[in-house]
Amino acid sequence: MPEAALLIDLDAIAANYARLRAEAGGCRVAAVVKADAYGLGAERVAARLWAAGCADFFVARLAEGLALRRHLPKARIVVLEGPVPCEVADFVAAALVPTLNTPGQVELWGDAGRRLERPLPAALHLDTGMCRLGISATEAAGLDADRLRAIDVALVMSHLACAEETANPMNPLQAARFSEMSRRLPAAPRSLANSSGIFLGTAYHFDLLRPGAALYGINPTPGRPNPMQPVVRIRAPVLQVHRLDAPGTVGYGAAHATSSGSRIATVGVGYADGYMRAAGTGGVAVIAGREVPIVGRISMDLMTLDVTALGEHEVETGTPVDLLAGPGGIDRVAEVAGTIGYELLTRLGQRLRRVYLEATGA
Ligand SMILES: *Cc1c(COP(=O)(O)O)cnc(C)c1O
């Protein structure tokens, strides 16, 4: 019997990239593949996106950039965490573009360029209200022209705090601050929008878009229909079916009561696989296109489904079950668990074998 697997549809990722490109009009669309492409496997995902025409990739850490460089020799790879002195040589050797988040990093990168007698490319990250990473307005005003000339400013960027809330006044405020702050810097392509920011409209697009979540099927427009195709599902076989001859209970804490005649199917996926314990009550699985409720508590390696509504022969040992695939997909499962699709995806367990689906190749 095949073990539980995480099915990752690379064609759907490429289709989502094409969808975002259509939304982008003429501007460039990068791909954010930090945290191992949100848990889906940066190597395969990035290779597929490169084949689909994506030339700009963002990762969070130097180590992620170095690993990705081995698979994408020609892509532009931007590292969002700014460089510290001991990392400069690695950045240069792998031709990674650092994001400069502080005046100190601007100085560090300028000095590195002077030593090599050529300005090195970097992204300047402006803080327009997120207060996480980035150069403040006051600091930006204090950057002197000589320091900036020592750098090849390849991108000026900022990040939206509230992009998934279309009416949030933070959005126009940050866009206005971004325009104002970037005007005082050397002319360079500009980038503001993440996945949700893309759907705020062209006033947020500038020159380069930085989607992550939407590529992987997370709804960038919460509260409205998901414009993206689903990318992931967990597929696992039924391990055992119980037919209850008398009323009984299911699982830890005997928390779920069943009536006589119920049938309960056990599936080998649990919270150690990243299917959160909190996603049990109210969650559903899909068997042959039909939804069945998850019942009882999700345990480390197992969960239980009430399959009474399906025919006996429709659910047997070995019958495949899909998780994360019902209506609303990962967003819905995350909501049941009190979190967001981003956290769900990035926490899917390494015990799940990754299986890549790809029909068209490129
Ligand atoms: C993670 C991240 C993104 C991608 O955001 P999504 O909401 O996943 O599209 C873009 N820019 C920065 C700076 C990020 O940290």
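In this text the structure is predicted, and so the values were computed from the model without any measurement.

### Observations concerning the packing of helix H1 (residues 10-24) against helix H3 (residues 42-51)
Okay, so step 1: Contact pair H1 / H3: the axes reach a minimum separation of 10 Å and the direction vectors enclose 50 degrees. In this view, H1 runs oblique relative to H3, as classed from their interaxial angle. As for how H1 packs across H3, the hand of that crossing is right-handed. Of the residues in H3, those in contact with Leu10, Asp11, Ile13, Ala14 and Tyr17 of H1 are Arg44, Val45, Arg48 and Leu49.
Okay, so step 2: Its residues placed into classes, the contact of H1 with H3 shows six nonpolar, no polar and three charged.

### Examining the domain arrangement of the protein
Quite often, the size of an interface is put as the accessible area lost when its parts meet.
Okay, so step 1: According to the domain assignment, the protein contains domain 1 (10-216) and domain 2 (232-357).
Okay, so step 2: Measuring from the centre of the C-alpha atoms in domain 1 to the corresponding centre in domain 2 gives 38 Å.
Okay, so step 3: Of the roughly 910 Å² buried where domain 1 meets domain 2, counting both sides, 59% is carbon and sulfur surface.
Okay, so step 4: Applying the counting criterion to the domain 1 and domain 2 interface returns zero salt bridges.
Okay, so step 5: Counting across the interface, domain 1 meets domain 2 through three residue pairs in polar contact (both at pLDDT 80 or more).
Okay, so step 6: For the side of domain 1 that touches domain 2, the elements supplying multiple residues, two or more each, are H1 and helix H2 (34-38).
Okay, so step 7: Of the residues assigned to the side of domain 1 that touches domain 2, the class counts are six nonpolar, three polar and two charged.

Quick notes on the rules
Residues numbered from 1 in each chain as written. Predicted model: local features only at pLDDT ≥ 70, side-chain atom pairs only at ≥ 80, totals over all residues. Heavy atoms only, no water. Axes fitted to C-alpha atoms, helices over the stretch in contact; angles between N-to-C directions. Helix = DSSP H or I, 4+ residues; strand = E, 2+ residues; numbered from the N terminus. Parallel < 35°, antiparallel > 145°, perpendicular 65-115°, else oblique. Left-handed = near helix turned anticlockwise from the far one by under 90°. Contact = heavy atoms within 4.5 Å. Nonpolar A, V, L, I, M, F, W, Y, C, P; charged D, E, K, R; others polar. Domains from an automatic or database assignment. Buried area = accessible area lost by both parts, 1.4 Å probe. Salt bridge = Lys/Arg side-chain N within 4 Å of Asp/Glu carboxyl O. Polar contact = N/O pair within 3.5 Å; in protein donor to acceptor, adjacent residues only side chain to side chain.

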